[in-house]
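The chain contents come next:
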Amino acid sequence: MSDLFPALHTASDRTALRFGERALTYRQLAGAAGALAVRIGGASRVALWAAPTLETAVGAVAALLAGVPVVPLNPRTGERELAHILADSRPVAVLAAPGDELPAALDGLQRVDVPVTGTAGPLPAALGPLSPALIVYTSGTTGPPKGAVLPRRAVAASLDALEDAWAWTADDVLVHGLPLFHVHGLILGVLGPLRRGGEVRHLGRFSVEGVARELADGGTMLFGVPTMYHRLAEALDGDPELREALTGARLLVSGSAALPLHDHRRIEAATGRRVIERYGMTETLMNTSVRVDGPPGAGSVGTPLRGVELRLVGEDGAAVTAYDGETIGEVQVRGENLFTEYLNRPEATAVAFDGDWFRTGDMAVRDAEGSVRIVGRRATDLIKSGGYKIGAGEIENALLEHPGVREAAVTGEPDPDLGERVVAWIVAADAQAPPSGDELAAHVAAQLAPHKRPRTVRFLDALPRNDMGKIMKRALAVP
Ligand code: MCA
Ligand code: AMP
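This one's a predicted model, so the numbers in the text were calculated from it and none came from an experiment.

### Focus on the overall build of the protein chain
And then number 1: A tally of regular secondary structure across the protein chain gives 12 helices and 26 strands.
And then number 2: Against the compact-globule benchmark of 23 Å for 479 residues, the protein chain has a radius of gyration of 22 Å, which places it among compact chains.
And then number 3: When its C-alpha atoms are laid out on the principal axes, the protein chain stretches across 65 × 55 × 50 Å.
And then number 4: Taken across its 479 residues, the protein chain has 55% of its residues classed as buried.

### Some remarks on unusual backbone geometry
And then number 1: Although it is not a glycine, Ala11 sits at a positive phi angle of roughly 50°.
And then number 2: Mapped onto the fold, Ala11 is located in the segment before strand 1 (15-19).
And then number 3: Residue classification places Ala11 among the partly exposed residues on the basis of a relative accessible area of 32%.
And then number 4: Although it is not a glycine, Ser256 adopts a positive phi angle of roughly 90°.
And then number 5: When you line up the elements, Ser256 lands in the loop between strand 12 (251-254) and helix 9 (261-271).

### As for the pairing of strand 4 (residues 70-73)
And then number 1: Burial along strand 4 is two-sided: Val70 and Pro72 and Val71 and Leu73, pointing in opposite directions, are all buried.
And then number 2: With four bridges joining them, strand 3 (residues 46-49) and strand 4 adopt parallel strand pairing. If you follow Leu48 over to strand 4, its bridge partner there is Pro72.
And then number 3: Handedness of the strand 3-helix 2 (residues 54-66)-strand 4 crossover: right-handed.

### Brief notes about the site of ligand 1
And then number 1: The environment of ligand 1 is made up of 26 residues, and the closest members are Arg76, Ser256, Arg278, Gly386 and Arg455.
And then number 2: Take His184: an N or O atom from its main chain is 3.0 Å from an oxygen atom of ligand 1.
And then number 3: Within the backbone of Gly280, one N or O atom sits 3.5 Å away from an oxygen atom of ligand 1.
And then number 4: Taken by itself ligand 1 offers 1100 Å² of open surface, and the protein chains cover 74% of this.
And then number 5: Among the secondary structure elements, those contributing two or more residues to the shell around ligand 1 are helix 5 (183-196), helix 7 (226-236), strand 13 (275-281) and helix 12 (437-447).
And then number 6: Residues belonging to the shell around ligand 1 are distributed by class as follows: 11 nonpolar, eight polar and seven charged.

### A few points about the nonpolar core
As a rule of thumb, nonpolar side chains are buried together in soluble globular proteins.
And then number 1: Leu17, Leu134, Trp166 and Leu191 are the most contacted members of the largest nonpolar core, which totals 126 residues.
And then number 2: Looking at which element gives the most residues to this core, the answer is helix 2, with 10 residues.
And then number 3: In this structure, Leu17 is in contact with Arg22, Ala23, Leu24, Leu29, Leu54, Ala57, Val58, Val190, Leu194 and Val200, ignoring residues within four places of it in sequence.
And then number 4: Leu82, Leu109, Ile135 and Val149 belong to the second-largest nonpolar core, a separate cluster that totals 15 residues.

### Structural notes on the site of ligand 2
And then number 1: Residues in close proximity to ligand 2 total 14 residues, the closest being Arg278, Thr282, Asp362, Lys384 and Lys389.
And then number 2: Within the contact set of ligand 2, a nitrogen atom lies 3.2 Å away from a backbone nitrogen or oxygen of Ser256.
And then number 3: Thr282 places a side-chain nitrogen or oxygen 2.7 Å from an oxygen atom of ligand 2.
And then number 4: For ligand 2, whose unbound accessible area comes to 500 Å², protein coverage reaches 92%.
And then number 5: The element best represented in the shell around ligand 2 is strand 13, accounting for five residues.

### Quick word on helix 11 (residues 392-400)
And then number 1: Counting buried residues in helix 11 gives seven out of nine residues, a clear majority hidden from the surface.
And then number 2: What helix 11 keeps buried is the set Ala392, Gly393, Glu394, Ile395, Glu396, Ala398 and Leu399.
And then number 3: Buried residues belonging to helix 11 abut helix 3 (79-89), strand 23 (388-391), strand 24 (405-415), strand 25 (419-428) and helix 12.

Cut-offs and rules
Every chain begins its residue count from 1, and numbering advances along the sequence as written. Both sets of labels track the order of writing: A upward for chains, 1 upward for ligands. Note on the predicted model: pLDDT of at least 70 is required for a residue's local features to be given, and 80 or more for side-chain atom pairs to be given and counted; whole-chain, interface and lining totals, by contrast, use all residues. Hydrogens and water are ignored here; the side-chain numbers use all heavy atoms of the structure. By definition, any uninterrupted DSSP run of H or I lasting at least four residues is a helix, any uninterrupted run of E lasting at least two residues is a strand, and each is numbered from the N terminus. We take the radius of gyration over the C-alpha atoms and set the globule estimate at 2.2 Å times the residue count to the 0.38 power. Exposure is judged per residue with a 1.4 Å probe applied to protein chains only, and the accessible area is read against the type maximum: over 50% gives exposed, under 20% gives buried, and values in between give partly exposed. The pairing criterion is simple: DSSP has to find at least two bridges between the two strands. Orient the strands so they point away from the viewer; a crossover is then right-handed if the path from the first strand over the helix to the second runs clockwise. We call a residue near a molecule or strand as soon as one heavy atom of that residue lies within 4 Å of the molecule or strand. As used in this structure description, the phrase polar contact means that two N or O atoms lie within 3.5 Å; if the pair is within protein, one of them must be able to donate a hydrogen and the other to accept it, and residues adjacent in sequence are counted only when both atoms belong to side chains. A 1.4 Å probe and the Shrake-Rupley method give the accessible areas. Residues count as covered only by the protein chains that appear here. Residue type decides the class: Asp, Glu, Lys and Arg count as charged, Ala, Val, Leu, Ile, Met, Phe, Trp, Tyr, Cys and Pro as nonpolar, and the leftover types, Gly among them, as polar. Put simply, buried Ala, Val, Leu, Ile, Met, Phe, Trp, Tyr and Cys residues joined by side-chain atoms within 4.5 Å make one nonpolar core. In what follows, a contact means two residues having at least one pair of non-hydrogen atoms within 4.5 Å.

Pasting the structure below:
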């Protein structure tokens, strides 16, 4: 039935998916997703309304069974961003749960309600390794998000490399509350357990209580972004049940941004369990990880995963040969885990590669054991907030469309909870009557997405500019 999900052949009564009270066994999932796959078979591309529901998981599996490329949509995406994604990816239908309310922008698409019961019909036999599986939108420094085209082989290669690094098996029960429109929550967090034949329990939305409850009730693994581990670390002191639940887990994995040492240490001190970090990207899926059987590595993202070649390239364009924990270079990777292209963006795809090496834009060092430590990013105009990648340029463009804004610059500032916080620097159109910070935040949330809204808004008489008129972002600092 599927090269990606062998466990769907087994018709087993093992639980595959659990979202709160609702669950599906492998037998039920094979039926529901198989039935939907027959309905959408032959479509050129479908969108998936990726709310944190059972239907989103079934819809994604169905599209993969049918060999139909699927574009996950953040249900909170604002008007401007949604219009861009739809115009760029041109899906012919949208998969959604029967009760989901869809915005008017989707009116032109055929709506297909995702079933949670059904009987599988005939499916395409073999699909090529390079045939597109998912198109995941990701922000760059300027302009609207680009669609990373992820082939089937990248999904398989990356998930199998994680099986190797983490000894991930069908016995594992993965717990998380990640959003389902990004690689972390959807590919690792839903397709990962299904490829292993194990179970995923999704919390609907992240909460400390939900994590404690599900880990105490049979969960073996936890996935989260650093903000989630930070919130767990904050709660540990007064919460013996949480401490016990984390202590009992087989594997705690953090990714999407760097987990501060302080949080690593607090969790380890309270539970005796280390948090394992892995490093990935929408375009590359997973590149490195601390191994379950490897040396502990707080502050490190571990070694390259099986099948991933990694090099560091210095300012001079030459590969860094030192394994000294000091010499910094840009991380470049190659392997079957990579995307094939940015949809409709051949120039952007070309610049992203040096031959078959993908330039990640992340700066790192390597120690004598080959462990990688990420030390920064090439582009200052990319902000990681709560594990979401956010481009300064897209927010500036949205702010400039607000009538109360004459000039806008966006920067990231350190934030104890979110890692980085989006900060907007504004020159008001009318200095006597500037718009409020809340109004500008709501404007960005409505145009782009709530997680892209500025958390701090500062008003200036003028933005600092150099002789060429370019905004000097480095001169923008807390007044
Ligand atoms: C607030 N809200 C608003 C506004 N203000 N809505 C509209 N307009 C406004 N002005 C709403 C939000 O929608 C949300 O609603 C609620 O207020 C709280 O929003 P926010 O403050 O953003 O949430 P948070 O609680 O601070 O979120 C923290 C979080 C979240 C849960 C950690 O940042 C998160 O889920 N991060 C995960 C990101 C991720 O998965 N990244 C993976 C990409 P409501 O309360 O109803 O929700 S990276 C990746 O995939 C690579 C491959 C990798 O390496 O993993
Ligand atoms: P995205 O484009 O949203 O998939 O985010 C990918 C980026 O997240 C990478 O290029 C890194 O900058 C960052 N990232 C992911 N995992 C880690 C990690 N464990 N430590 C530091 N940065 C990370």
